[in-house]
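Chain residues, written in single-letter form:
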Amino acid sequence: MSFIVKKTISGKDYYYLNENKRIDGKVKTKTIAYLGKTKKDAKQKAKKLMENVSSEKGKEQKKETKKDKMKEVKLEHKEISIEELTNFCKKKGFVFRSSDIYGGFAGFWDFGSVGSELKKNLKDAWWRYHVHGREDIVGIDGSIITNPKVWEASGHVTSFVDVAVKCKKCGNKTKLDKHELGKKKCEKCGGEFISKGEFNPMFITQVGPIKEDSVQAYLRPETAQLIFADFKLVQENARMQLPFGIAQVGKSFRNEISPRDFLFRSREFEQMEIEYFIEEKMKCPYMDECKGVNILVYDEKKQIDDKEPKLMDLYDAWKKQIIKTDWHAYWIAKEFEWFVELGAKPENFRIRQHCSDEKSHYSIDTWDLEYKFPMGWRELEGFANRGNFDLTQHQEYSKKSMEIMSKDNKKVLAHVVCEPSLGVERAFLVFIFDAYFKNEKGEVVLKLNPELAPIKAAVFPIVKKKEFETIAENIFKDLKKEWNIVYDKSRSIGRRYARNDEVGTPYCITVDGDSLKKKDVTIRNRDTTKQVRVKISDLRNILRKLINQEIEFENCGKLVR
Ligand code: GAP
């Protein structure tokens, strides 16, 4: 991603072309060229430079295409329905109905051998990017059941309500937000809904085995609230100073009236949330990172006027006050970047502002990052401006001060002007949808980013013979120390490749005739089917660089196919 920056040195303006690149998990900015002293010159020069870069890239690609014509594989992205994805996930061991042998249980899902790995990798990638990759965010791991006062203070006991409705025509049961009652028609048949009353989606449980002595408590409906309740302790222990964030990943539960669309709306799910605390009116110092981040923007006015969303640079959207706070624009840019860097398709994303009657009880302004699911545009991640609502409530209910000392030694109550809140399962769906390709034979190739791939490599002896098997088993044991690796010797090599392509294994390693003499192996790339030969002694190092995307596949060994 490249963008123009202005530097003022001794009162004079100078323009430069900068580029953001992700190296070792961190975004690093590099200056590519000096562009002159005026904005106009800078824009012209940058345009020319970018044209030159793309024509050079084009030439390089042409050369390569000629050279590799014989080996080129054609993968085509396939759009599939949510039902097709549900079947694929069950068949390949990603996800299936919980307690399937008993007919399942609506809204509950179990993750299988590859699904649990993908889900874990996704959460680890999120944690690396948001917690380990930054100095201003620390994590917590709060309990699922906590003192019920937390949910009284947060407003969830009284204000976290949906309306249960039933379609007069087709009987479809679903939930609506209060403001949608009387306005929204049945999505199945266009019929009118009748209200079946309000309900609170929190699961109630009893803490203490003897009923008379027990306390009514709740399974948490969001991970966010524990961050607010623990705010003071975490700030003190981790010695954080504003602005800073606290992150949490974990289970949340909502007794949804109509769990549907596979993992999209379930009763048990996981959230990855950040509460980012600032001193009121503190400016976001990272706004340059929003420059050049383009996304479809669908603000409240456009929705009311029935207009289409507009493609905008997030920095401009903030400058034009379509997105009101700098922190909001910044966090939307960071989250969008996270998805795209991990392989999601940018054209499937947009942001939508909540209309005034749609906002949650705690929110001043909310934007959703939406994704084009097969069922239509739907919320993927929410970004609410919660102000100081939650800390004020906990202060009042607990009678404990939630104020902390600011950098200039003033007592302040921190504000959360943007809370990025993402469902793990919805992100899981996005990465599979965007990675779902088919090859010329009609076989599925799941082009998952190696960081997310459930199995990092598969090791094969070319034939079932002792001398090949021994080498392959030793390689498997060595690589297994670091990653999830499979060893496979059954059926043809082609079948073994296909089995691994389907679950997204990026690299297949084969021990063949030459391996016995030369102590080397082939590595096959899932997306191009190209193969390189590398020394067994270098294999672990090379695989690490490939998984971390630190080298090009073609440069990691001798290209043989
Ligand atoms: N702390 C704010 C909060 O929980 P939310 O919009 O209710 O906000 C945040 O939820 C995210 O959690 C959603 O954008 C979605 O990704 C996920 N989520 C919410 N309800 C869900 C459900 N029933 N099933 C799966 N994911 C859900």
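Scroll up to find the structure this text is about.
Residues numbered from 1 in each chain as written. Predicted model: local features only at pLDDT ≥ 70, side-chain atom pairs only at ≥ 80, totals over all residues. Heavy atoms only, no water.

**Overview of the site of the ligand**
- Every one of the 22 residues lining the ligand counts as a neighbour, but Glu222, Arg254, Glu273, Glu379 and Leu380 are closest to it.
- Contacts to the ligand include arginine 254, whose side-chain N or O atom sits 2.8 Å from an oxygen atom.
- Between the ligand and serine 266 there is a distance of 2.9 Å, counted from a nitrogen atom to a backbone nitrogen or oxygen.
- Listing elements by their share of the shell around the ligand, those giving two or more residues are β14 (268–278), β19 (376–385) and β22 (415–423). (Near = heavy atom within 4 Å. Polar contact = N/O pair within 3.5 Å; in protein donor to acceptor, adjacent residues only side chain to side chain. Helix = DSSP H or I, 4+ residues; strand = E, 2+ residues; numbered from the N terminus.)

**Thoughts on the pairing of β19**
- Bridging between strand β18 (residues 365–373) and β19 involves 9 bridges; their strand directions are antiparallel. Residue pairing across strands places aspartate 368 opposite glycine 382, the latter belonging to β19.
- In sequence, β18 turns back onto β19 through a hairpin of 2 residues.
- Relative to β22, β19 is paired through 4 bridges, and the arrangement is antiparallel. Following the sheet pairing, glutamate 381 is matched in β22 by leucine 422. (Pairing = 2+ DSSP bridges.)

**Some details on empty space enclosed by the protein**
- In this structure the tally under the stated criterion is 1 cavity of 30 Å³ or more.
- Quantified by volume, the largest cavity comes out at close to 40 Å³.
- The wall of the largest cavity is formed by Leu342, Gly343, Ala344, Val430, Phe431, Asp434, Ala435, Lys447, Leu448, Asn449 and Leu452. (1 Å grid on protein atoms, 1.4 Å probe; cavity = no way out; pocket = protein on both sides within 12 Å on 5 of 7 lines; lining within 4 Å. Points joined across faces, edges and corners; volume = space filled by probe spheres on them.)

**A closer look at the environment of lysine 90**
- With respect to the element layout, lysine 90 can be found in helix α2 (residues 82–91).
- For lysine 90 and histidine 328, which are 238 residues apart along the polypeptide, the C-alpha to C-alpha distance reads 38 Å.
- Not counting chain neighbours up to four residues away, the residues in contact with lysine 90 comprise Val95, Phe96 and Asp100. (Contact = heavy atoms within 4.5 Å.)

**Structural notes on the sheet that holds strand β8 (residues 162–167)**
- A sheet is described by the order of its strands in space; here 3 strands give the open sequence β9-β8-β10, paired in antiparallel fashion. Each edge of the sheet is formed by a strand with only one pairing partner; in this case those strands are β9 (173–176) and β10 (193–199). With direction set aside, neighbouring strand axes in the sheet form an average angle of 30°.
- Of the strand pairs in this sheet, β8 and β9 are connected by 4 bridges, and their pairing is antiparallel. (Axes fitted to C-alpha atoms, helices over the stretch in contact; angles between N-to-C directions.)

**Things to note about unusual backbone geometry**
- Here leucine 242 and proline 243 are connected by a cis peptide whose omega angle stands at 0°.
- Turning to its location among the elements, proline 243 is positioned in the loop between α7 (231–237) and β13 (244–253).
- For aspartate 261, which is not glycine, the phi torsion reads 55° and is therefore positive.
- Within the secondary structure, aspartate 261 is located in the loop between β13 and β14.
- Judged by relative accessible area, which is 21%, aspartate 261 ranks as partly exposed.
- Although it is not a glycine, threonine 529 sits at a positive phi angle of roughly 60°.
- The topology assignment puts threonine 529 in the loop between β28 (520–525) and β29 (531–535). (Buried < 20%, exposed > 50% of the residue type's maximum accessible area, 1.4 Å probe, protein only.)

**Side note on the packing of α2 against helix α12 (residues 424–435)**
- The contact between α2 and α12 brings their axes to 12 Å, and the two run at 95°. The angle between the axes of α2 and α12 places the two elements in the roughly perpendicular class. Contact residues: α2 offers Ile82, Leu85 and Cys89, while α12 offers Leu429, Ile432 and Phe433.
- Taken together, the residues of the contact of α2 with α12 break down into 6 nonpolar, no polar and no charged. (Parallel < 35°, antiparallel > 145°, perpendicular 65-115°, else oblique. Nonpolar A, V, L, I, M, F, W, Y, C, P; charged D, E, K, R; others polar.)

**Some words on the nonpolar core**
- Core analysis: the biggest nonpolar cluster contains 76 residues, and Phe94, Trp338, Phe339, Phe349 and Phe431 have the highest contact counts within it.
- Dropping the residues within four chain positions of it, phenylalanine 431 is found in contact with Leu122, Trp338, Phe339, Leu342, Ala344, Leu448 and Leu452.
- Membership of the second largest hydrophobic core comes to 24 residues, among which are Val150, Phe160, Val234 and Val412. (Core = buried A, V, L, I, M, F, W, Y, C linked by side-chain atoms within 4.5 Å.)

**Quick look at a positive patch on the surface**
- Together, Lys518, Lys519, Lys535 and Lys558 make up a positively charged patch on the protein surface.
- The topology assignment puts lysine 535 in strand β29.
- A residue is classified by how much of its surface remains accessible, and lysine 535, at 41% relative accessible area, is partly exposed. (Patch = residues over 30% accessible without salt bridge, like charges linked within 9 Å, V, L, I, M, F, W, Y side chains within 5 Å. Areas by Shrake-Rupley, 256 points an atom, 1.4 Å probe, with all protein chains shown as cover. Salt bridge = Lys/Arg side-chain N within 4 Å of Asp/Glu carboxyl O. Lys, Arg positive; Asp, Glu negative; His and termini not counted. Charge placed at Lys NZ, Arg CZ, Asp CG, Glu CD.)

The values reported here are purely geometric and, on their own, carry no functional implication.
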